[in-house]
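# Structure at a glance
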Amino acid sequence: SAEERNRLFVFLVLIFFSITFWACFEQAGSSMTLFAEAQVDRHVLGWEVPTAWFQAVNPFFIITLAIPFSLMWLKLGKAKLDPSPSLKFALGLLQMAGGFVAMVIGAREAAVSGSTSIFWLILAYFLHTTGELCLSPVGLSTVTKMSPARLVGLMMGMWFLSNAFAGVISGQIAAATGAEAGYADVYQMIVYFGGGAGVLLLLLTPLLKKLERSAG
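Conventions adopted
- Residues numbered from 1 in each chain as written.
- Predicted model: local features only at pLDDT ≥ 70, side-chain atom pairs only at ≥ 80, totals over all residues.
- Heavy atoms only, no water.
- Helix = DSSP H or I, 4+ residues; strand = E, 2+ residues; numbered from the N terminus.
- Buried < 20%, exposed > 50% of the residue type's maximum accessible area, 1.4 Å probe, protein only.
- Contact = heavy atoms within 4.5 Å.
- Expected span 1.5 Å × (residues − 1).
- pLDDT = per-residue confidence, 0-100.
- Patch = residues over 30% accessible without salt bridge, like charges linked within 9 Å, V, L, I, M, F, W, Y side chains within 5 Å.
- Areas by Shrake-Rupley, 256 points an atom, 1.4 Å probe, with all protein chains shown as cover.
- Salt bridge = Lys/Arg side-chain N within 4 Å of Asp/Glu carboxyl O.
- Axes fitted to C-alpha atoms, helices over the stretch in contact; angles between N-to-C directions.
- Parallel < 35°, antiparallel > 145°, perpendicular 65-115°, else oblique.
- Left-handed = near helix turned anticlockwise from the far one by under 90°.
- Nonpolar A, V, L, I, M, F, W, Y, C, P; charged D, E, K, R; others polar.

Next up on the list: the environment of S147. With respect to the helices and strands, the residue S147 is situated in the loop between α5 (118–146) and α6 (152–177). Owing to a relative accessible area of 3%, S147 belongs among the buried residues under this scheme. A C-alpha to C-alpha distance of 40 Å links S147 and F35, two positions 112 residues apart in sequence. In this structure S147 touches R7, T142, V152 and M155, once residues within four positions along its chain are discounted.

What follows is the structure, encoded as structure tokens:
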């Protein structure tokens with residue numbers, strides 16, 4: 001039916017932007033860790049923070065920010081101001097791009113002085129986490145909401161397959177940081193691409209929101 005086609009269109013658009021987000025976000029476990037090892041001054045009060053510990057920064061922010069974000073969405077919902085799924089995806093992409101702005105600053109500083117402040121890395125993780133909290137919880141609920149009942153299982157499989165595809169792209173991006181381009185240039189590319197995707201989705205949001213209403 002026309003209603004089902006509208007729902008599937010919204011779902012497929014969000015899958016594309018989800019791939020973009022996760023392909024960039026997953027640099028946390030690859031190129032950002034290598035960057036922390038080689039180019040970040042990890043000394044705090046005379047003690048050097050082990051590189052592996054930075055993998056706990058995102059979970060820490062998730063734990064500390066999940067409840068405030070949930071309360072914020074509930075409060076906005078009661079005020080009938082809760083952003084649509086597409087708007088939340090756009091906000092997630094823009095915050096992810098903002099995190100890589102911090103990484104570009106850090107990478108350029110490291111290129112000049114040999115190392116950069118730990119602050120830029122922590123700021124990047126913080127913005128990536130706030131972006132994740134805008135996008136990730138919405139994804140699975142959108143699958144069940146937008147998919148026709150008889151196709152929910154198939155669409156759920158497509159959603160997770162898209163995450164796997166994002167992982168492949170993420171590996172290619174990480175590999176580029178070890179080539180001639182270097183961290184700053186690759187991260188700047190992510191800023192342009194991820195930020196551009198966020199802006200594009202913002203522009204598409206009125207149309208998608210109209211189509212989303214057909215999901216009830």
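Now, onward.
Between its first and last C-alpha atoms α6 spans 38 Å; for 26 residues at 1.5 Å apiece the expected length is 38 Å, and the two agree. Every buried residue belonging to α6 is among M155, W159, S162, A166, S170, I173, A174 and T177, and all of these are buried. Looking at the packing, one finds that the buried side of α6 touches α1 (2–25), α2 (31–39), α4 (85–113), α5 and α7 (182–212).

On to the side chain of T177. Within the element layout of this structure, T177 appears in helix α6. For T177, a relative accessible area of 7% translates into the label buried. Leaving out residues up to four positions away in the same chain, T177 has contacts with S31, G182, Y183, V186 and Y187.

Quick look at unusual backbone geometry now. Even without glycine at this site, L45 takes up a positive phi of about 55°. Looking at where L45 falls in the secondary structure, it is placed in the loop between β2 (43–44) and β3 (47–48). In the Ramachandran plot, K80 falls in the positive-phi region, its phi being about 60° despite a non-glycine side chain. In this structure, K80 sits in the loop between α3 (57–78) and α4.

Before going further, it helps to spend a moment on the confidence of the model for the protein. Averaged over all residues, the pLDDT of the protein is 91; the fraction at 70 or higher stands at 99%. Looking over the protein, one finds the lowest element-wise mean pLDDT in α1, namely 89, and the highest in α4, namely 95.

Turning our eyes to something else, we now look at a nonpolar patch on the surface. Nonpolar side chains collect at one region of the surface, where L12, L154 and M158 lie side by side and expose about 270 Å² of accessible area between them. Looking at the secondary structure, you find L154 in helix α6.

Moving on to the packing of α1 against α6. Following both chains from N to C, one finds α1 and α6 inclined at 30°, their axes separated by 8 Å at the closest point. Comparing their axes, α6 and α1 come out roughly parallel. The two elements α1 and α6 meet at a crossing, and its hand is right-handed. Side by side, α1 and α6 meet where L8, F11, L12, I15, S18, I19, W22 and A23 of the first sit next to M155, M158, W159, S162, N163, F165, A166, I169, S170 and I173 of the second. Considering only residue class, the contact of α1 with α6 consists of 14 nonpolar, four polar and no charged.

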